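A structural walkthrough
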Amino acid sequence: MGPTHVKRAFKYRFYPTDAQAAELSRTFGCVRKVYNLALAARTQAWTRQERVNYNQTSAMLTAWKKTEELAYLNDVSSVPLQQALRHLQTAFTNFFGKRAKYPRFKSRKKSRNSAEYTTSAFRFRDGKLTLAKMAEPLDIVWSRPLPEGASASTVTVSQDAAGRWYVSMLCEDPSVQPLPATDTAVGVDVGLDHLLTLSTGEKVSNPRHERRDRTRLAKAQRQLARKVKGDGANRAKARRKVARVYARITDRRRDHLHKLTTRLVRENQTIVIEDLAVRNMVKNGSLARAISDAAWSEFRSMLEYKAQWYGREVIAIDRWFPSSRLCSVCGTLRDKMPLNVRTWTCDCGATHDRDVNAAKNILAVGLTASVCGAGVRPQRSTPGGQSVTKQKPLRREP
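Just so it is clear, the model here is predicted, and its values are computed rather than measured. (Residues numbered from 1 in each chain as written. Predicted model: local features only at pLDDT ≥ 70, side-chain atom pairs only at ≥ 80, totals over all residues. Heavy atoms only, no water.)

1. Remarks on the UniProt feature "domain: Transposase putative helix-turn-helix" (unreviewed entry) in the protein chain
Look at the UniProt record and you will see "domain: Transposase putative helix-turn-helix" (unreviewed entry) annotated at residues 6-49. Each end of residues 6-49 is marked by a C-alpha atom, and these two atoms are 40 Å apart; helix forms 68% of the span and strand 20%. (UniProt positions renumbered as here; feature names shortened; annotations may be inferred. Helix = DSSP H or I, 4+ residues; strand = E, 2+ residues; numbered from the N terminus.)

Here's what the structure looks like:
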């Protein structure tokens, strides 16, 4: 097997000068303006049963720059504007391929502030990154080194809602290579009381990052609610306080999930999980906040791309499989399993922890599906031959 070439984004925080911040803010605004203009043009063409591609929007951009109203587009680098058109083209490609919804317009207040630069619009030498239209390099905090000999193909500059500036450099990372194969496999049952329960019997506690900062978040939100709309400086300051609390929650959650998924991928050749429909599950009003805080979808996403990097396998079994009600020793299926039952004894004499038993069943059925080639969503049925159509209930957050 030949060497793999994995592209990774290395993200760093930086502190711009006043001139750089002003230039980047102008660029963000122009990127948003061009994206919205192109989307409007393509939408109008769509109503006429016509299709507009990237080349046509690129020609439109040239014409827009020549008008008096949009002449300010010439003041920023043209590369981020062209990249915005390419991103719009990708959005329409995904829409026509039925992989995404119709593209939406970018809002100044709600959309992410970002601009993407290709190799012709930045210079990276001797550990210093200088963007087009800027005389000085960015003051970047190099929290970790780039891969040896790496050269960035694109650079994305962004500012989050908390006002923090980031630069993301997309590079090929030769250090990402498949790990030595092992014969270990693990089943993973996600939950709210415990974030993960493994088939080995290990339980990973749920940090509940959002709940730990709920008081601080509520206080910041109350202060924001008291600000009169239109009171620019004070309301913006209060909004940033709320954003900083959310950023703290998100950063801690992501850090925990990265460490957890990296450990699972390094220790196991095969990881079996449930194919949960999280988007539907968060419609449950009493559990939506706890499910969102657990971030099951982000956990699965991290697990899958890291497994692909390191030559591991992730198997997702059918979400309707009755993992909690099935005895992992004799295979007996119980008719009911109330939420308050955390341990139970089967007729065969085996005593089970509800979550550990579920993880063991998830592992067993996932390995069976992998050997049989049944795919990631094998159809399961009860001993009576009827399909299982009720999803395993979740334990309410205490």
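2. A few points about the nonpolar core
Membership of the largest hydrophobic core comes to 43 residues, with the highest contact counts inside it found for L24, L131, V155, V157 and V167. Taken together, the elements giving at least two residues each to this core come down to β1 (6-14), α1 (18-47), α2 (54-65), α3 (78-96), β2 (113-118), β4 (128-131), β6 (154-159) and β7 (165-173). Top element by residues in this core is α1. It accounts for nine residues. V6, V176, V204 and L303 belong to the second largest nonpolar core, which has 33 residues in total. (Core = buried A, V, L, I, M, F, W, Y, C linked by side-chain atoms within 4.5 Å. Buried < 20%, exposed > 50% of the residue type's maximum accessible area, 1.4 Å probe, protein only.)

3. Let's talk about the sheet that holds strand β11 (residues 270-274)
The five strands are arranged β10-β9-β8-β11-β12 in an open sheet whose pairing can be described as mixed. Two strands in the sheet have a free side with no partner beyond their single neighbour: β10 (203-205) and β12 (313-317). Each neighbouring strand pair of the sheet contributes to a mean axis angle of 25°, computed without reference to strand direction. Direction of pairing for strand β8 (residues 185-190) relative to strand β9 (residues 194-198): antiparallel, over a ladder of three bridges. By the bridge assignment, V190 is partnered in β9 with L196. (Pairing = 2+ DSSP bridges. Axes fitted to C-alpha atoms, helices over the stretch in contact; angles between N-to-C directions.)

4. Thoughts on the sheet that holds β2
Spatially, five strands are ordered β2-β6-β7-β1-β5 in an open sheet, and the strand pairing comes out antiparallel. Each edge of the open sheet carries a strand with a single partner, namely β2 and β5 (140-141). Relative to β5, β1 is paired through two bridges, and the arrangement is antiparallel. If you follow F14 over to β5, its bridge partner there is I140.

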